[in-house]
Amino acid sequence: MSGPSAPKTKRGAARREALLRAAEAVIGEQGFAASSIADITRRAETALGTFYIYFSSKEEVFRELVLEMGRLTRGGVTQAVQGASNRLEAEKAGLRAFLQFAADRPALYRIVEEARFIDPEVYRAYYDSFGRAYAAQLKRAQEKGEIGPGDPEVRAWALMGMAIKLGERFVLWEVKPDIDHVVEDAFAMIRDGLAP
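Quick summary incoming for the structure in this document. (Residues numbered from 1 in each chain as written. Predicted model: local features only at pLDDT ≥ 70, side-chain atom pairs only at ≥ 80, totals over all residues. Heavy atoms only, no water.)

1. Remarks on the environment of Gly148
Relative to the helices and strands, Gly148 is located in the loop between α7 (120-143) and α8 (152-172). The sequence separation of Gly148 and Glu60 amounts to 88 residues, and the corresponding C-alpha distance is 42 Å. Other than its neighbours up to four places away in sequence, Gly148 contacts Gln142 and Arg155. (Helix = DSSP H or I, 4+ residues; strand = E, 2+ residues; numbered from the N terminus. Contact = heavy atoms within 4.5 Å.)

Below, the structure written as structure tokens:
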């Protein structure tokens, strides 16, 4: 764990987690620049000094949230695609899992997008890590004949970009997102391309 001191007790771990959830809510709602450590501790219902037991700065808690998003997203998508019988089925299940995650944790989703400006290094690491794993999966699927030939890295980044923008437009911007509709239509394009 990051921070000046990793929690040594269950109570400490619970306080650190409360601070992370408060930071997710505050930064996700207000943005990084407009939020303060005082806002975070107020939301967590804890003393200002408690923040510094677990994190050295607002930047550190922000980085922790971006890394957490990476872990949670990869874990959720990995779990969603485990039962898929082929790569195309995995693409559909993975897209659904990603969009559902955006619906369930919109603040964390916004935080990652803001990282592009706040901490470009952690932003790039987040996407590079995801992209490498995704490209490797696509390469294996090509070798098995589950998908046609092409550059796995280009395809991974194209599919990631599609998912990110679909999440923004059809999840974050909607009051009641219709994830099933978006997944079905986007998957038809992924499966068939744009050719008539």
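2. What about the nonpolar core?
The biggest cluster of nonpolar side chains holds 54 residues, and the ones touching the most others in it are Ile27, Ile40, Val61, Val66 and Leu99. In terms of residue count, α7 provides more of this core than any other element does, nine residues in total. (Core = buried A, V, L, I, M, F, W, Y, C linked by side-chain atoms within 4.5 Å. Buried < 20%, exposed > 50% of the residue type's maximum accessible area, 1.4 Å probe, protein only.)

3. Section: the packing of helix α4 (residues 58-81) against helix α5 (residues 87-104)
At a minimum axis separation of 8 Å, α4 and α5 run at an interaxial angle of 140 degrees. What the angle tells us is that α4 and α5 run oblique. The two elements α4 and α5 meet at a crossing, and its hand is right-handed. Counting all contacts with α4, which are made through Met69, Leu72, Thr73, Gly76, Val77, Ala80 and Val81, the residues of α5 involved are Ala90, Ala93, Gly94, Ala97, Phe98 and Phe101. (Axes fitted to C-alpha atoms, helices over the stretch in contact; angles between N-to-C directions. Parallel < 35°, antiparallel > 145°, perpendicular 65-115°, else oblique. Left-handed = near helix turned anticlockwise from the far one by under 90°.)

Note that all results are geometric; they support no functional claim without further evidence.
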